[in-house]
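# Analysis of the macromolecular model
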Amino acid sequence: MSILERIKSHSDKLTDADRRLVTTLLENRAEAAYLNGIQLAERAQVHEATATRLAQKLGYKGYPELRNQLQREVLEGQDAANRMRRSVAKVEDGHFLTDLIGAEIAALNELGHCISQADIDRAADMIFGAGRVFIFAQGHARSVASFLQRRLDRFGMTAIALSGRGRDIAERVVSLRPGDVVLTLAFRKQPASYEPLMRHAAQMGAATLLISDLAGPMMKPEAQLLLAAPRGRSGSEFQTPTIPFAIVNAILMTIAGRHQDPIMGRLEKLADLFSEFE
């Protein structure tokens, strides 16, 4: 298992200090891979013993073993990055598009290691079988949420956007019931309304799905299904929107593939409606 996979599977055991340490470790893995436990704890402003305790919670004998795996993962990533840099070096300075293309490819390659098709299948079936899909997003995540909502509308599904202030969100979820799905898109940090929304969903018996990045395993309460992958070379660099769009597109394609007859029927009906309305 990768370090990220271990964090996901043990997230319910992590304390606030553990989460601060994990955030520090994942934001710049290339640098963190060469810090000892005390140095990493200092960066995260937690007790020096936290690094050892975190490593043991994740199934390692101690922090040195965790760091060894982190170094292996970083080196594997650097091989691809170095190939990319050699390609970029062949062009003149200032070719930002070329560099961006390389970063996008690297991020997409990483996506395949973080999320399996089985995870996408589960998300697709969860959404297709929902009575209503409540889509919660704030900030930059709203662009992805808007795209997803429109596609679900075209599939003939009931998708409801949860945006605005906490009171606005509360008004829209008062009717939440079993059979509904709360789908959250959240990146970098946990949104203020996330915790009460997830608690309410659990109380009402609604299913929950979170699409996120490296911050996803830290968000509490946990969603029933988490789809999380890095959105760039590190948490402190440019974070591409391509990754969440790719996750959402994969879910939409899987819905269409696994439930082809009803979805194609609804799309054909939509085409007829387009003709009538135009």
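What comes next is a walk through the structure.

Conventions adopted
Residues numbered from 1 in each chain as written. Predicted model: local features only at pLDDT ≥ 70, side-chain atom pairs only at ≥ 80, totals over all residues. Heavy atoms only, no water. Patch = residues over 30% accessible without salt bridge, like charges linked within 9 Å, V, L, I, M, F, W, Y side chains within 5 Å. Areas by Shrake-Rupley, 256 points an atom, 1.4 Å probe, with all protein chains shown as cover. Salt bridge = Lys/Arg side-chain N within 4 Å of Asp/Glu carboxyl O. Helix = DSSP H or I, 4+ residues; strand = E, 2+ residues; numbered from the N terminus. Buried < 20%, exposed > 50% of the residue type's maximum accessible area, 1.4 Å probe, protein only. Phe/Tyr/Trp six-rings, centres within 6.5 Å; stacked < 30°, edge-to-face > 60°. Lys NZ or Arg CZ within 6 Å of the ring centre and 35° of its normal. Axes fitted to C-alpha atoms, helices over the stretch in contact; angles between N-to-C directions. Parallel < 35°, antiparallel > 145°, perpendicular 65-115°, else oblique. Contact = heavy atoms within 4.5 Å. Nonpolar A, V, L, I, M, F, W, Y, C, P; charged D, E, K, R; others polar. Polar contact = N/O pair within 3.5 Å; in protein donor to acceptor, adjacent residues only side chain to side chain. Core = buried A, V, L, I, M, F, W, Y, C linked by side-chain atoms within 4.5 Å. Pairing = 2+ DSSP bridges. Right-handed = clockwise from strand over helix to strand, strands pointing away.

Together, Leu97, Leu100, Ile101 and Ile105 make up a nonpolar patch on the protein surface, roughly 360 Å² of accessible area in all. Residue position: Leu97 is located in helix α7 (residues 96–114). We classify Leu97 as exposed; its relative accessible area is 61%.

Throughout the structure, instances matching the rule amount to one aromatic pair. Consider the rings of Phe147 and Phe245, whose centres lie 5.5 Å apart with planes at 75 degrees: the pair is edge-to-face. Note that Phe147 is positioned in helix α9 (residues 141–154) and Phe245 in helix α12 (residues 242–258), a separation of 98 residues in sequence. A relative accessible area of 24% means that Phe245 is categorised as partly exposed. Positioned above the aromatic ring of Tyr60 is the side chain of Arg6, whose terminal nitrogen or guanidinium carbon lies 4.2 Å from the ring centre.

What follows is about the packing of α9 against α12. Packed helices, taken two at a time, are described by the angle their axes make and the gap between the axes. α12 packs onto α9 with a crossing angle of 10 degrees between their chain directions and a minimal axis gap of 10 Å. Between α9 and α12, the angle is such that the two are roughly parallel. Packed against α9, whose contacting residues are Ser143, Val144, Phe147, Leu148, Arg151 and Leu152, the element α12 presents Pro244, Phe245, Val248, Asn249, Leu252 and Ile255 at the interface. Of the residues in the contact of α9 with α12, the class split is nine nonpolar, two polar and one charged.

Glancing now at the side chain of His10. Tracing the backbone shows His10 in the loop between α1 (3–9) and α2 (16–27). Note on His10: relative accessible area 18%, which makes it buried. There is a polar contact of 3.0 Å between the side chain of His10 and the side chain of Ser9. Among the polar contacts listed, one links the side chain of His10 to the backbone oxygen of Lys57, at a separation of 3.5 Å. Not counting the four nearest positions on each side in its chain, His10 is found in contact with Lys57 and Leu58.

Within the largest apolar cluster, 67 residues are counted, with the highest numbers of intra-cluster contacts made by Leu152, Leu185, Leu227 and Ile251. Among the elements that line this core, the one with the most residues is α12, at seven residues. Leu185 has contacts with Ile135, Phe136, Ala137, Gln138, Ala141, Val144, Ala145, Ile211 and Val248, leaving out every residue within four places of it along the chain.

Attention now goes to the pattern of salt bridges. For the structure on display, the rule yields nine salt bridges. Note that Asp168 and Arg165 form a salt bridge whose closest N and O atoms lie 3.9 Å from each other. Look at Asp168 and you get partly exposed, because its relative accessible area is 24%. Classification of Arg165 by relative accessible area gives exposed; the value is 60%. Here Arg231 makes a salt bridge to Asp213, at a shortest N to O gap of 2.9 Å. With Arg231 in the loop between β5 (225–228) and α12 and Asp213 in the loop between β4 (207–212) and β5, this residue pair connects regions lying 18 residues apart in the sequence. Classification of Arg231 by relative accessible area gives buried; the value is 8%. Three or more residues joined by partner-sharing salt bridges are found here, namely Asp121, Asp125 and Arg258.

So, on to the pairing of strand β3 (residues 181–186). Taking burial as the measure, the six residues of β3 include six buried ones, the bulk of the element. What you see with β3 is no split at all: Val181, Leu183 and Leu185 on one side and Val182, Thr184 and Ala186 on the other are buried throughout. As paired strands, β3 and β4 are joined by six bridges and run parallel to one another. If you follow Thr184 over to β4, its bridge partner there is Leu210. In this fold, the crossover linking β3 to β4 by way of helix α11 (residues 194–204) has right-handed handedness.

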